[in-house]
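Secondary and tertiary structure notes
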Amino acid sequence: MIPQPRDGTPSRAAIATTPHAAATATTTTTTTAPSSSLRWVQLALGIVCMAMIANVQYGWTLFVAPMEAKHHWGLGAIQIAFSIFVVVETWLVPVEGWLVDRFGPRPVVASGAVLAALGWILNAYADGLPMLYTAAVISGVGAGCVYGTCVGNALKWFPDKRGLAAGLTAAGFGAGAALTVIPIANMIQSTGYEHTFVYFGILQGGCILVLAMFMAKPFAPKGVAAQTRLVMTKVDYTPAQMMKTPVFWLTYLLFVLVAAGGLMATAEIGPIAKDFHIDKLPMHFLGMSMPLLTMTLAIDNLANGFTRPLCGFVSDRIGRENTMLLVFVGEGLALLGLKLYGHQPAAFMTFAALVFLFWGEIYSIFPALVADTFGGKNAASNAGTMYTAKGTASLFVPLGSVLAAGGNWDRVFLVAAVVSIGAGIAAKLLLAPMRRRTIEAGNENMMGRMPDTNRPSAVEK
């Protein structure tokens with residue numbers, strides 16, 4: 001089945017020649033978009049919503065040890081809740097994206113706010129693993145509603161800056177926890193993890209619920225097109241059509257491979273620091289004293305957020321796969337550094353930050369790559385389908401605890417490093433040419449059927 005062409009302005013004669021000519025012709029439009037201010041406001045709303053939901057994932061590691069100390073469920077059993085959360089958060093995003101594409105962002109984000117808050121409140125009252133796992137399901141649905149909606153909105157509002165817009169939005173999710181990781185850690189110490197779950201669950205959910213009321217259904221501003229340096233596609237795929245292409249599954253595999261290592265670090269950084277006997281070492285910064293683990297988490301979250309708009313911006317200019325090669329290899333080297341030197345406090349903080357710096361960009365580059373390759377019309381549902389790769393990757397998180405039995409994390413670091421470096425090489429040597437062939441074939445088929453279609457998406461030459 002041939003994907004349907006998107007609606008757009010009539011093409012120029014040059015569009016009937018080559019995909020690159022189509023891109024050049026489209027970008028000659030200079031109409032000022034009346035929605036330019038509105039789309040930046042909507043982007044800002046999405047960033048704040050993502051920051052409010054970030055702790056549901058990135059603050060989790062702070063609660064693991066206190067829960068284990070109170071209930072003695074076992075670290076592996078508790079981390080299953082983390083895997084359940086990530087699986088639900090990601091695997092339902094295509095459904096949530098479908099709802100957003102049809103009903104707009106407001107009801108989906110509002111529902112997500114309520115569910116995310118409820119999930120954290122239930123965590124506080126969980127007296128057994130079944131209730132803890134149920135809370136993970138509820139908070140996963142809520143986080144997925146917020147995450148999928150905000151990323152999909154960014155891709156639609158900014159067809160000309162997809163990497164940057166997706167990166168800024170994802171940065172809220174990556175760096176948002178940095179704003180609250182210290183207060184959460186302090187509150188756990190002073191009033192217990194149960195009170196902390198309730199307090200921050202209500203606070204974060206309430207903020208998102210208010211912001212949801214101001215969110216508008218996105219539309220592509222007139223006169224805005226993708227970068228002229230990039231070859232363009234004119235085809236809009238539905239999720240079902242996208243999943244029939246080999247390039248989708250190769251992209252999905254690379255996402256899983258790279259995400260697995262980062263998720264292990266996200267969930268296990270606390271236990272790793274504890275096994276290295278450095279988690280409670282006092283660290284001093286700007287007149288403040290805090291445990292090494294707390295400071296490391298704050299720095300990691302800042303690095304995780306900073307890299308998303310940075311790499312999205314870079315990938316808009318040098319290409320998605322070129323950026324992937326650089327950062328995936330960088331992540332592998334950082335993991336090897338953590339393996340070799342992680343027992344030293346300063347080295348632990350440095351290499352842990354680098355792992356997050358080189359890992360977090362997957363949440364800006366992959367959504368932009370999906371919209372580039374499969375069109376913008378169904379961007380929310382298509383990016384959500386790709387985002388399920390994060391859920392698949394989360395299934396490997398408990399495996400990290402198994403491989404590290406006895407506190408030996410060397411095998412985990414080595415395997416994750418090799419996988420990450422291999423994924424970077426595969427992105428450049430396999431994914432780039434396959435994506436180019438897919439887009440060019442789709443453009444040629446569409447030109448033969450509807451030569452006046454334009455409004456392209458991007459892929460590097």
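Scope of this entry: the structure provided in the associated data block. What you see is a predicted model, and the numbers here were worked out from it, not measured in a lab. (Residues numbered from 1 in each chain as written. Predicted model: local features only at pLDDT ≥ 70, side-chain atom pairs only at ≥ 80, totals over all residues. Heavy atoms only, no water.)

Observations concerning the pattern of salt bridges
Under the counting rule described, the total for this entry stands at 8 salt bridges. Of the charged contacts in the structure, one is a salt bridge between D160 and R39, with a shortest N-O distance of 3.0 Å. Taken as a pair, D160 in the loop between α8 (129–157) and α9 (162–191) and R39 in helix α2 (residues 36–53) lie far apart in primary sequence, 121 residues in all. Each member of the pair, D160 together with R39, is buried. Its salt-bridge partner being E89, residue K390 comes within 3.4 Å of it at the nearest N-O pair. Linking K390 in helix α17 (residues 379–394) with E89 in helix α5 (residues 75–91), this pair joins segments that are 301 residues apart in sequence. What makes K390 buried here is its relative accessible area of 0%. Relative accessible area serves as the criterion here: at 0%, E89 is assigned to the buried category. Three or more residues joined by partner-sharing salt bridges are found here, namely R162, D316, R320 and D372. (Salt bridge = Lys/Arg side-chain N within 4 Å of Asp/Glu carboxyl O. Helix = DSSP H or I, 4+ residues; strand = E, 2+ residues; numbered from the N terminus. Buried < 20%, exposed > 50% of the residue type's maximum accessible area, 1.4 Å probe, protein only.)

A short note on the packing of aromatic side chains
Counted according to the given criterion, the structure contains 21 aromatic pairs. Aromatic side chains Y193 and F197 sit 6.0 Å apart centroid to centroid with 85° between the ring planes, which places their arrangement in the edge-to-face category. Of the two residues, Y193 and F197 are both situated in helix α10 (residues 193–212); the distance of 4 residues between them amounts to about one turn of the helix. Overall, the relative accessible area of 0% leaves F197 in the buried class. On the basis of an interplanar angle of 25° and a centroid distance of 4.5 Å, the ring pair of F255 and F366 is categorised as stacked. (Phe/Tyr/Trp six-rings, centres within 6.5 Å; stacked < 30°, edge-to-face > 60°.)

Some words on the environment of G201
Tracing the backbone through its elements, the reader meets G201 in helix α10. Residue classification places G201 among the buried residues on the basis of a relative accessible area of 1%. In this structure the C-alpha to C-alpha distance between G201 and A124, which are 77 residues apart in sequence, comes to 9.8 Å. Discounting chain neighbours no more than four positions away, the residues touching G201 are A117, W120 and T196. (Contact = heavy atoms within 4.5 Å.)

Thoughts on the side chain of T385
Examined against the element boundaries, T385 turns out to sit in helix α17. Not counting residues up to four positions away in its chain, the partners in contact with T385 are P94, P239, M242, M243, F248 and Y252.

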